[in-house]
Amino acid sequence: MNRSLRLAVYGLALANGLGLAGCASGGAPPRATAEVRVLERNAEGQAHRALPKTLEGCEFLGAAFAQAPVEAPAGPYLLDELKAKAARRGGDTLVVLPGKPVIQGRLRGSIFLCGDG
């Protein structure tokens, strides 16, 4: 086997091994989408389109958005997609703006881990 081919095979094996190690050391296990509760609220003291980054007794895991495919009805699809993203990140609470507004085909949300509270 020539040198460049051996290096390519070795690099691929190393990259695969690192990828598997990264998967094994992930954070919280994903939840079922049905376990994610949805709250509607604005960030206090912020513009009316601002999502909260704090929620009493909860850990902020990040923001997410869902984009509607052109052929799908936006509302229910987008909320289900956001709940699935929250579940994959280990969150149990999704906060969206009141009325769940779809702006330019997107629905935004903040993901929190609140525990059993």
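Enquirer: I'd like a description of the overall build of the protein chain, backed by residues and values.
Expert: Helix and strand counts for the protein chain stand at 2 helices and 4 strands. Its helices and strands in sequence order give the protein chain the pattern α-β-β-α-β-β, from N to C terminus. The 117 residues of the protein chain split such that 28% are buried. Of the contacts formed within the protein chain by residues at least 6 apart in sequence, a portion of 68% connects residues at least 24 apart. About 7,800 Å² of surface is accessible on the protein chain, with carbon and sulfur atoms providing 56% of the total.

Enquirer: Describe the packing of aromatic side chains, and please don't skip the residues or the numbers.
Expert: Scanning the entire structure with this criterion turns up 1 aromatic pair. The ring of Phe-65 is capped by Arg-106, whose NZ or CZ atom sits 4.1 Å from the centre of that ring.

Enquirer: So what's going on with the side chain of Thr-93? Residues and values would help.
Expert: With respect to the helices and strands, Thr-93 occurs in strand E3 (residues 93–96). One polar contact links Thr-93 to Asp-92, side chain to side chain, over a distance of 3.1 Å. Among residues more than four places away in sequence, those in contact with Thr-93 are Val-36, Arg-37, Leu-39, Leu-55, Ser-110, Ile-111, Phe-112 and Cys-114.

Enquirer: Describe in detail the sheet that holds strand E2 (residues 59–67), supporting the description with residues and values.
Expert: Read from one edge of the open sheet, 4 strands run E1-E3-E4-E2, paired in mixed fashion. Each edge of the sheet is formed by a strand with only one pairing partner; in this case those strands are strand E1 (37–40) and E2. Between one strand axis and the next, the sheet turns through 30° on average, direction left out of account. Sheet topology note: the E2/strand E4 (residues 106–113) ladder contains 8 bridges and is antiparallel. Within E4, the residue paired with Gln-67 across the bridge is Arg-106.

About the cut-offs
- Residues numbered from 1 in each chain as written.
- Predicted model: local features only at pLDDT ≥ 70, side-chain atom pairs only at ≥ 80, totals over all residues.
- Heavy atoms only, no water.
- Helix = DSSP H or I, 4+ residues; strand = E, 2+ residues; numbered from the N terminus.
- Buried < 20%, exposed > 50% of the residue type's maximum accessible area, 1.4 Å probe, protein only.
- Contact = heavy atoms within 4.5 Å.
- Areas by Shrake-Rupley, 256 points an atom, 1.4 Å probe, with all protein chains shown as cover.
- Phe/Tyr/Trp six-rings, centres within 6.5 Å; stacked < 30°, edge-to-face > 60°.
- Lys NZ or Arg CZ within 6 Å of the ring centre and 35° of its normal.
- Polar contact = N/O pair within 3.5 Å; in protein donor to acceptor, adjacent residues only side chain to side chain.
- Pairing = 2+ DSSP bridges.
- Axes fitted to C-alpha atoms, helices over the stretch in contact; angles between N-to-C directions.

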